[in-house]
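Coordinate analysis (summary)
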Amino acid sequence: MNPEPQGRVVGPLIAATIIVPLALAIVAAQRGAPDQTRTIASYIDAHNSDAVAFLERLVNINSGTHNFDGVREVSRIIRAELDGLGFKTEWIDGASWQRAGHLVAEHPGNGTSGPRVLLIGHLDTVFERDSPFQKFERTGRTEARGPGIIDMKGGVVVMVQALKAVAAAGSLNNLNLAVVMTGDEESPGRPLSLARAALVNAARSVTAAIGFEDGPGDPRYAITSRRGSTSWTLRVTGTSAHSSQVFRNDIGSGAIFEAARILNGFRERLAGEEHLTFNPGLIVGGTDAQYDAAQARGSAAGKDNVVAGRVIVTGDLRALSPEQFDHAKKAMQDVVAGSMPHTKGTLAFDDGYPPMAPTEGNARLLELYSRASQELRLGSVAAVSPDRAGAADVSFVAGRAEMVLDGIGLMGRDGHTPQETADLTSLPSQTKRAALLLLRLARRTP
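Residues numbered from 1 in each chain as written. Predicted model: local features only at pLDDT ≥ 70, side-chain atom pairs only at ≥ 80, totals over all residues. Heavy atoms only, no water.

Quick look at the pattern of salt bridges
Overall, the coordinates contain 24 salt bridges when judged by the stated rule. In this structure, the salt-bridge partner of R72 is D69, at a minimum N-O distance of 3.5 Å. Taken together, the positions of R72 and D69, both in helix α4 (residues 68-84) and 3 residues apart, correspond to about one turn of that helix. Relative accessible area serves as the criterion here: at 25%, R72 is assigned to the partly exposed category. Among the salt bridges present, the one from E81 reaches K164, with a minimum N-O distance of 2.7 Å. You can see E81 sitting in helix α4 and its partner K164 sitting in helix α5 (residues 149-168), a full 83 residues away along the chain. (Salt bridge = Lys/Arg side-chain N within 4 Å of Asp/Glu carboxyl O. Helix = DSSP H or I, 4+ residues; strand = E, 2+ residues; numbered from the N terminus. Buried < 20%, exposed > 50% of the residue type's maximum accessible area, 1.4 Å probe, protein only.)

Structure (structure tokens):
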């Protein structure tokens, strides 16, 4: 289900044949670039009110992952924008992975030998049709609140406006681009291999991949590494009996005590390991317990005077490398295997997003992005700790693209909550950074 091994470090041969020539070409292309830089900055400033209106329009369309009509409507609007820029667009239906689908676009440019660049975004949000949080709202002169405003409809606007600015500078036709906007980033369909096939396919022969998530919410940072995520389900059974007989040699401690032992064992074995987190997010237990995975809801029945017979716990596990995942999974299984008498536990993992380990190529793309930011007098940009970066679609192209960067979308705070708020002052500045990076990548390699 997972793609090829993630996070391989760029070797000397790749660095010599791809990254170094690209960097030399970018440096050489600086002659005459100030005029284009000014054109890009002027275009973005002149059209910032249009960008805010575009953002409001997208935010006001509910596109919770399971609202397929809403996801498709957002796709239609963005598709029209990309069509107008000369992209060849395609909607890939998601019925085979139980989701709305994905928007995929291609812009081969004028056939130059420049690098192929993949731009990544998503159409959906965590706010479904029954959420009370539905509309864009200005909360101040420089702020607005709305469902998905930073995660990641703001990032979509940054991407589209940056492409328009590059077109205004006369360089869009020099770019060999692919765009993938998934419709289920917030709740990926299954099987995951089908749900991310379009993204993986688009990453073939890609030199650079850029994700437009909101990242750490601070424009001084971007993302060069992400931890992967895996969900897990623990099921524990015990012997039900009258509570007055708990701990008896032929009855034991019951399922709830055993589940507590296991969870505490996870904490004792793994807590504090760098870049590793694990979290039990839901627990139900009693004489009987049921769990609905599709709805992420559970129920239990029991009495104070009955030893619990069943417990179900679900949670997630996050790590920075496949090796760290393997180590953590083994430690957790070892804890489960040490069952107390008359209890039994089983632990199952459902692999989700792969990790994106830091690489030399990723650091190089960040350097190019930071250089663009400094040229715009917006300051330098550094890599944020992977501990502050959740899982995202860009991880599926790690190990395929030689350079990967994420977290360059609209900045703000309180994502995934009814207080999700955008810093609107970051809309033009983030768009300028992204546009200038694309302009630099548009330069032909020797």
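Examining the sheet that holds strand β3 (residues 116-122)
Taken in spatial order, the 6 strands line up as β1-β2-β6-β3-β7-β16 in an open sheet, and their pairing is mixed. In the strand order of this sheet, the two ends are held by β1 (88-93) and β16 (403-405), each with one partner. Each adjacent strand pair in this sheet contributes to an overall mean axis angle of 15°, direction not counted. Both strand β2 (residues 101-107) and strand β6 (residues 176-182) contribute to a ladder of 5 bridges, which runs antiparallel. Across the sheet, H107 pairs through a bridge with L177, a residue of β6. In this fold helix α10 (residues 360-375) packs onto β7 (208-211) and β16, with an angle of close to 60° to the strand it touches most, β16. (Pairing = 2+ DSSP bridges. Axes fitted to C-alpha atoms, helices over the stretch in contact; angles between N-to-C directions. Contact = heavy atoms within 4.5 Å.)

Details of unusual backbone geometry
Looking along the chain, the bond that leaves D151 and enters M152 is cis, with omega of -10°. Inspection of the secondary structure puts M152 in helix α5. Of the consecutive residues R190 and P191, the connecting peptide bond is found in the cis state with omega at 0°. Topologically, P191 is positioned in the loop between β6 and α6 (192-195).

Description of the packing of aromatic side chains
Here the structure, examined in full by the defined rule, presents 4 aromatic pairs. Here the aromatic rings of F127 and F133 are separated by 5.1 Å at their centres, their planes lie at 75°, and the arrangement is edge-to-face. Per residue, the accessibility class of F127 equals that of F133, and both read buried. On the numbers, 4.9 Å between centres and 70° between planes, the contact of Y353 with F396 is edge-to-face. Taken together, the residues span a long stretch of sequence, with Y353 in the loop between β14 (344-351) and α10 and F396 in the loop between β15 (382-383) and β16 at a distance of 43 residues. A relative accessible area of 7% means that Y353 is categorised as buried. One residue, K329, lies across the ring of F349, its end atom 5.4 Å from the ring centre. (Phe/Tyr/Trp six-rings, centres within 6.5 Å; stacked < 30°, edge-to-face > 60°. Lys NZ or Arg CZ within 6 Å of the ring centre and 35° of its normal.)

Some words on the nonpolar core
Ranked by size, the top nonpolar core spans 69 residues in total, and within it I78, L119, L163, I210, F212, L365 and L438 carry the most contacts. Take this core: its biggest share by element is 12 residues, from α5. Once residues lying within four places of it in the same chain are set aside, the contact partners of L119 are M159, L163, L177, A178, V179, V180, I210, F212 and L438. Counting residues in each nonpolar core, the second largest holds 27 residues, with M356, A389, V397 and A401 among its members. (Core = buried A, V, L, I, M, F, W, Y, C linked by side-chain atoms within 4.5 Å.)

Topic: the sheet that holds strand β17 (residues 412-413)
Taking strand neighbours across the sheet as the criterion, the 4 strands line up as β4-β5-β18-β17 in an open arrangement whose pairing is antiparallel. Whereas interior strands pair on both sides, the edge strands pair on one side only; in this sheet they are β4 (137-138) and β17. By the bridge criterion, 2 bridges tie β4 to strand β5 (residues 143-145) in an arrangement that is antiparallel. Bridging across to β5, E137 finds its partner in R145.

Focus on the side chain of E213
Inspection of the secondary structure puts E213 in the loop between β7 and β8 (221-222). There is no salt bridge for the buried E213, and the closest opposite charge comes from R226, which lies 5.3 Å off by N-O distance. Those residues in contact with E213 that sit more than four places away from it in its chain are H122, D151, M152, E185, R226, A392, D406, G407, I408 and G409. (Lys, Arg positive; Asp, Glu negative; His and termini not counted.)

Focus: the confidence of the model for the chain
Caution applies to low-pLDDT regions: their predicted coordinates should not be interpreted in detail. Averaged over every residue, the pLDDT of the chain is 91; the share at 70 or more is 91%. Low pLDDT, under 50, characterises residues 1-21; the stretch is placed with 40 contacts to residues that sit more than four places away or in other chains. When the criterion is pLDDT under 50, residues 23-32 qualifies, and its contacts beyond four places in sequence or with other chains add up to 11 contacts. (pLDDT = per-residue confidence, 0-100.)

A few points about the environment of L436
Residue placement: L436 occurs in helix α11 (residues 426-441). For the pair L436 and E375, spaced 61 residues apart in sequence, the C-alpha to C-alpha distance is 9.0 Å. Those residues within four positions of L436 in sequence are excluded, and the remaining contacts are T37, I40, A372, E375 and L376.

Regarding helix α9 (residues 322-337)
The end-to-end C-alpha distance of α9 is 23 Å, a good match for the 22 Å that 16 residues give at a rise of 1.5 Å each. Of all the residues in α9, the buried ones are Q324, F325, A328, K329, A331, M332, V335 and V336. For α9, the angular spread of the buried residues around the axis is 165°, confining them to a single face. Residues E323, D326, K330 and A337 are exposed on α9 and point more than 90 degrees away from its buried face. Among the structural elements, β9 (228-237), α8 (254-270), β13 (310-319) and β14 are those in contact with the buried residues of α9. (Expected span 1.5 Å × (residues − 1). Arc of directions from axis to C-beta.)

What to know about helix α3 (residues 48-59)
Compared with the 16 Å implied by 1.5 Å per residue over 12 residues, the 16 Å span of α3 between its first and last C-alpha is a close match. Those residues of α3 lying buried are A51, V52, F54, L55, L58 and V59. Seen along its axis, α3 keeps its buried residues to an arc of 160°; they face one direction. Buried residues in α3 make contact with α4, β4, α5 and α11.

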